[in-house]
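Structural overview for review
Spelled out from the first residue to the last, the chains are:
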Amino acid sequence: MALTTINKLSLREQFEANLIVSKGDVLIRTFQEKDITPRYISWLNNPEVVRFSNQRFITHTESSCQSFYHSMASSPSSFLAIEHAEYGHVGTLTVHFNDNHGTADIGILVGEPSIWGQGVGVAAWTLAMTTALKIPKMRKVTAGTLACNAGMLSIMRKSGMVMDGIRVNQELVDGQPYDMHYYAYFSDDS
C-alpha cells in the first residue's frame, strides 16, 4: 500500500490492515459475531474474571454482547479475539484509537482463569501494542488498571510500558478505594 494511501486511512484501518496475528501459541484476530458464545458470555459474568473491571456491574446476555459488538464495529476502536493453539478462544482485546492525537488505549480480558499466569495475556498484549506502534502517526499506546490488579500490572510492565500517571483512590473494589495506575509506551518518533 502506498504511503499516501496509508495516511488517508484511520488509525483503526491501518491497525487492522497490518495486524500481526501470532506469537508462539497465541493468535489475535478480529472478534466476530460468532464468537458470542455461552462460554464468552460466562467470562463476562464470572466475578473472578471481571473482579477489577467495570464489567462486574453489568449482567451480560447474548443481546447485550451483540449490542456491544455492533457498537464497536461502528467506532474508531478494534475489538479482537485472543486464541490459544490448545485452548481455542480464551479472551478479548480492545484497542481504542484517537486519530486526532495519534494514541491508542488497550484493554484486555483473559477469560479462562486456568491459563492465567502462562504468558498468554502478555503475548496477545504485545502483538496488539507492536501492531499499533507500527502505524506511522501513532505516538503513544496507553493502558490503565487498579493498583490491586497484579496480573494487569505485570502485563503492562513485561510489555515495556512505563508509568504515566496515577489517579489516587479512583475506584472501589470490595468497598476499598484503590489508585488507578496508567502506563504508556511511546513510539520511537515521540
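Calculation notes
- Residues numbered from 1 in each chain as written.
- Predicted model: local features only at pLDDT ≥ 70, side-chain atom pairs only at ≥ 80, totals over all residues.
- Heavy atoms only, no water.
- Buried < 20%, exposed > 50% of the residue type's maximum accessible area, 1.4 Å probe, protein only.
- Helix = DSSP H or I, 4+ residues; strand = E, 2+ residues; numbered from the N terminus.
- Pairing = 2+ DSSP bridges.
- Right-handed = clockwise from strand over helix to strand, strands pointing away.
- 1 Å grid on protein atoms, 1.4 Å probe; cavity = no way out; pocket = protein on both sides within 12 Å on 5 of 7 lines; lining within 4 Å.
- Points joined across faces, edges and corners; volume = space filled by probe spheres on them.
- Nonpolar A, V, L, I, M, F, W, Y, C, P; charged D, E, K, R; others polar.
- Patch = residues over 30% accessible without salt bridge, like charges linked within 9 Å, V, L, I, M, F, W, Y side chains within 5 Å.
- Areas by Shrake-Rupley, 256 points an atom, 1.4 Å probe, with all protein chains shown as cover.
- Salt bridge = Lys/Arg side-chain N within 4 Å of Asp/Glu carboxyl O.
- Contact = heavy atoms within 4.5 Å.
- Axes fitted to C-alpha atoms, helices over the stretch in contact; angles between N-to-C directions.
- Parallel < 35°, antiparallel > 145°, perpendicular 65-115°, else oblique.
- Left-handed = near helix turned anticlockwise from the far one by under 90°.
- Polar contact = N/O pair within 3.5 Å; in protein donor to acceptor, adjacent residues only side chain to side chain.
- Expected span 1.5 Å × (residues − 1).

**Concerning the pairing of strand β6 (residues 140–146)**
The element β6 is extensively covered by neighbouring structure, given that six of its seven residues are classed as buried. Of the pairings in the sheet, the one linking strand β5 (residues 103–110) to β6 comprises three bridges and is parallel in character. Residue pairing across strands places A104 opposite V141, the latter belonging to β6. Handedness of the crossover is the feature at issue here: the chain leaves β5, passes through helix α5 (residues 120–133), returns alongside β6, and the resulting connection is right-handed. Sheet topology note: the β6/strand β8 (residues 176–186) ladder contains seven bridges and is antiparallel. Each residue of the ladder has a partner; that of T142, found in β8, is A184.

**Focus: the layout of surface pockets**
Rolled over the atoms, a probe sized like a water molecule indicates the empty space that remains. There is about 1,300 Å³ of room inside the largest pocket. Lining the largest pocket are 47 residues; nearest its centre among them are S53, G107, I108, L109 and M152. Taken together, the elements giving at least two residues each to the lining of the largest pocket come down to α3 (38–44), α4 (62–73), β4 (88–98), β5, α5, β6, α6 (150–158) and β8. Residues of the lining of the largest pocket, tallied by class, amount to 24 nonpolar, 18 polar and five charged.

**What to know about a nonpolar patch on the surface**
On the surface, M163, I166 and V168 cluster together into a nonpolar patch covering about 280 Å² of accessible area. You can see V168 is positioned in strand β7 (residues 162–173). Its relative accessible area of 60% is what places V168 among the exposed residues.

**Thoughts on the sheet that holds β4**
The sheet built from eight strands is open, its strands ordered β1-β2-β3-β4-β5-β6-β8-β7 with mixed pairing. The open sheet has two free edges, formed respectively by β1 (22–23) and β7, since each of these has just one partner strand. Lying over the sheet, α4 contacts β3 (77–84) and β4, oriented at roughly 120 degrees with respect to β3.

**Considering the pattern of salt bridges**
With the rule as written, the count across this model stands at six salt bridges. For the salt bridge of R29 with D35, the shortest nitrogen-to-oxygen distance reads 2.8 Å. The salt bridge partner of D174 is R51, with a shortest N-O separation of 2.7 Å. Of the two residues, D174 is situated in the loop between β7 and β8 and R51 in the loop between α3 and α4; the sequence distance between them amounts to 123 residues. Residue D174 is classed as exposed on the basis of its relative accessible area of 69%. Taking the relative accessible area as the measure of exposure, R51 reaches 36% and is therefore partly exposed. Within this structure, R29, D35 and E83 form a network of salt bridges that share partners.

**Regarding the packing of α5 against α6**
With their axes 9 Å apart at the nearest point, α5 and α6 run at an angle of 45 degrees to one another. Judged by the inter-axis angle, α5 sits oblique to α6. Crossing handedness for the pair α5 and α6: right-handed. Contact with α5, carried on its side by G121, V122 and W125, involves M152, I155, M156 and K158 of α6 and no other residues of that element. Taken together, the residues of the contact of α5 with α6 break down into five nonpolar, one polar and one charged.

**Section: the side chain of D35**
Locating D35 in the fold gives a position in the loop between β2 (26–30) and α3. With relative accessibility at 6%, the residue D35 sits in the buried group. A distance of 2.7 Å separates a polar atom in the side chain of D35 from the backbone nitrogen of Q32.

**Side note on α4**
A rise of 1.5 Å per residue sets the reference length of α4, with its twelve residues, at 16 Å; its end C-alpha atoms lie 17 Å apart and thus fit the reference within 8%. Buried-residue contacts for α4 involve α2 (11–17), α3, β3 and β4.

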